[in-house]
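Geometric and topological summary
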Amino acid sequence: MASDDFGGCIGGIILVALIAAGLFILVVFVIPATIGAAALLGGGSGLANYVTSFVNNIRPERDDDGKNAKTILISLGAALFLTAVIVIWIKTR
Amino acid sequence: MATPIQPAYKSYYFGKGYRDLWATIQESWARNIASMEKWFSQGELFFKKEAVHWLQGLFCYAAGVSVVVFGSLLFAVASLVHVIVLGATLLTIYLTFTVFYGIERVVSLYYRIFVTCPHCHLKFDIPVYACPVCSAHHTQLRPGVYGIFLRSCECDRKKLVTSLLTGRSRYDAFCPHCGRFIENPEVTPFCVPVIGTPNSGKTCFIYTGTEAVEHDIAPPSGWTAIPDGRTKPNLEYIRLEAAAGRHPDKTVEHTAKSFSLQVDTGARFPQMLHLYDSAGEVFTGGDSLDSHHFYGYSHGFVVIIDANAILHGKSSSRNDPEDAFVRMINKFKVHGLDTQPSVNRPIAVVLNKIDTPDVRAELGDAVDHPEDITCEDCVDFLNRHGFQNLLAVINLKFSNNHFFAASTLRREGRSLKPRGVEQIMRWLLDEMRFGK
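Conventions adopted
Residues numbered from 1 in each chain as written. Chains lettered and ligands numbered in written order. Predicted model: local features only at pLDDT ≥ 70, side-chain atom pairs only at ≥ 80, totals over all residues. Heavy atoms only, no water. Helix = DSSP H or I, 4+ residues; strand = E, 2+ residues; numbered from the N terminus. Buried < 20%, exposed > 50% of the residue type's maximum accessible area, 1.4 Å probe, protein only. Areas by Shrake-Rupley, 256 points an atom, 1.4 Å probe, with all protein chains shown as cover. 1 Å grid on protein atoms, 1.4 Å probe; cavity = no way out; pocket = protein on both sides within 12 Å on 5 of 7 lines; lining within 4 Å. Points joined across faces, edges and corners; volume = space filled by probe spheres on them. Nonpolar A, V, L, I, M, F, W, Y, C, P; charged D, E, K, R; others polar. Pairing = 2+ DSSP bridges. Axes fitted to C-alpha atoms, helices over the stretch in contact; angles between N-to-C directions. Contact = heavy atoms within 4.5 Å. Core = buried A, V, L, I, M, F, W, Y, C linked by side-chain atoms within 4.5 Å. Disulfide = S-S within 2.5 Å.

Here we take up the overall build of chain A. A tally of regular secondary structure across chain A gives 2 helices and 0 strands. With 93 residues in all, chain A has 19% of them scored as buried. Just so you have it, chain A exposes about 6,500 Å², and 77% of that area is on carbon and sulfur atoms.

Attention shifts here to empty space enclosed by the protein. Here the idea is plain: a probe the size of a water molecule rolls over the atoms and shows the empty space left. Residue and element names in this part refer to chain B. The full count for this structure, using the stated rule, is 1 cavity of 30 Å³ or more. Together, 14 residues line the largest cavity, and Thr-116, Ile-182, Asn-184, Met-272 and His-274 are the ones closest to its centre. At the level of secondary structure, the elements contributing two or more residues to the lining of the largest cavity comprise strand E1 (115-116) and strand E12 (271-277). In terms of residue class, the lining of the largest cavity is built from 8 nonpolar, 4 polar and 2 charged.

The next subject is the sheet that holds strand E9 (residues 188-196) of chain B. Residue and element names in this part refer to chain B. Strands sit in the order E10-E11-E12-E9-E13-E14-E15 across an open sheet of 7 strands; the sheet is mixed. Of all strands in the sheet, those bounded by a partner on one side alone are strand E10 (224-227) and strand E15 (401-405). Between one strand and the next, the sheet's axes are offset by a mean angle of 20 degrees, whatever the strand orientation. Where helix H4 (residues 231-243) meets the sheet, it contacts E10 and strand E11 (257-264), and its direction lies at approximately 105 degrees from that of E11. Lying over the sheet, helix H9 (residues 375-384) contacts strand E13 (301-306), strand E14 (347-352) and E15, oriented at roughly 85 degrees with respect to E15.

Attention shifts here to the nonpolar core. Residues and elements named next belong to chain B. Counting residues in each nonpolar core, the largest one holds 42 residues, and the members touching the most others are Phe-301, Phe-325, Phe-332 and Ile-354. Per-element tally for this core: the top contributor is helix H7 (residues 321-332), with 5 residues. One finds Tyr-207, Ala-225, Leu-235 and Ala-348 within the second-largest nonpolar core, a separate group that totals 37 residues.

With that out of the way, let us pick up the pairing of E13(B). Here is the key point about a regular strand: its side chains alternate between the two faces of the sheet. All names here are of chain B. Across the 6 residues of E13, 6 count as buried, placing the element largely inside the fold. Side chains of E13 alternate between two faces, with Phe-301, Val-303 and Ile-305 and Val-302, Ile-304 and Asp-306 buried alike. Where E9 and E13 come together, 3 bridges link them in parallel fashion. Bridged to Gly-196 within E13 is Ile-304. In this structure, E13 lies alongside E14, joined through 6 bridges in parallel fashion. Paired with Phe-301 across the strands is Ile-347, a residue of E14.

With that out of the way, let us pick up the environment of Asp172(B). Residue and element names in this part refer to chain B. Of note, Asp-172 is situated in the loop between strand E6 (159-161) and strand E7 (173-174). The class of Asp-172 is partly exposed, set by a relative accessible area of 44%. Those residues in contact with Asp-172 that sit more than four places away from it in its chain are Val-128, Tyr-129, Ala-130 and Phe-181.

All names here are of chain B. Applying the stated criterion across every chain yields a total of 0 disulfides over all chains. In this structure Cys-375 is not part of a disulfide, and its nearest cysteine sulfur, from Cys-378, lies 6.5 Å away. Of the residues examined, Cys-375 reaches a relative accessible area of 16% and is grouped as buried.

Right, dumping it as structure tokens:
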């Protein structure tokens, strides 16, 4: 009887440990990886869509290939991004 | 201040940039929706197959949800960045052209630059400039939403400079009111109306005054004086007439015309002397003085009084200098010239035609050297002949006044020559701070 109780207890512990390990793997690896993959997929798709639309629509007068405006806007966007990165870096240093 | 529509391309950041932004946002959102629908419809296809494909279906659904969540998030962030970049650029350009425009205004004020139409005599800040290639009229060729330093004309073949400081006055200019050509648009003008009764010698004075500045005053001062295209033939004609011993024809036009002399004094911008001539009849009746807009922006005045007519009692209402003078003063308010307490401009009162025998009998041989006849002599002369009222009005309305005697064109041999005009012009230019 006692060995059965002991066996049951060990089994319970192992079960709990397995569940905990499973949860740990799920929370620490699986969910973030899934979210990361989803973000990569969804965000990449969203960004690709915006960039395509941007390239299709930016058309200043007499700039038929939109080169001037795109160059300016992309440069300024990059400048803005870099500024944001620098500001965040300075704030969190 | 809104700029009227110009025949030029608006800066991308002030017009089309926002239409493009909206089109980009719309298309991007539509593309996101299309991507999501594509993933969901693919997932649906997998779920319609056998169970082994359900995992693929699940992946497609998850991808669709990812596009909805993260795609929308990225869309929002990208749109925001686009708006900020566009807005920041707009603000930068706006500030730049505002500063540039401000500098131009300060320079204009400092050098007292404004534009006057030699035809309709209205004053304005900027004329209409024509594109040298297509002649399109640019009514506001200044730094603004069409370009800070340069603007592209709609003809696509010319970039026009937008500022006084970068030389926009090289283009053909036209009056925004009457549409006529203005030869020297943006210079520092000095405007002098010449007033007098009919046959008092206004045209002769203007001719000899212009000649005096061009040949006697400018060269010793190191200035270069050139009559403008409209004035040159008039001067040439009167010069020939005077050389032949004939007085210039009587001015019949009631609309004033200007004799203009561009003087390069070495200043950053050339100076322009305008002497305004009109038929004496406009000072004796009618409403032609209403078109004498130059009273409002004039820098000095010249009143011509026919001394010989005074002696012969020709001061009828038609020839009364006092009447002419008061008529002019009464129009000052109409043209925006403040007369209270007095007009803050110099006035030269000229006793003309002093070379006639009767005047000579009264003033003596000094008439051969009008520069020796003093201001007080002239005042005495007018007092003696009953012009106390005129003197009182002049003293009351013009604190800076001076009386001169002159023979604008007197017979010397076979030709006509001026006497005493140069000193009047020197005094006037000095009082107006011409060349300073």
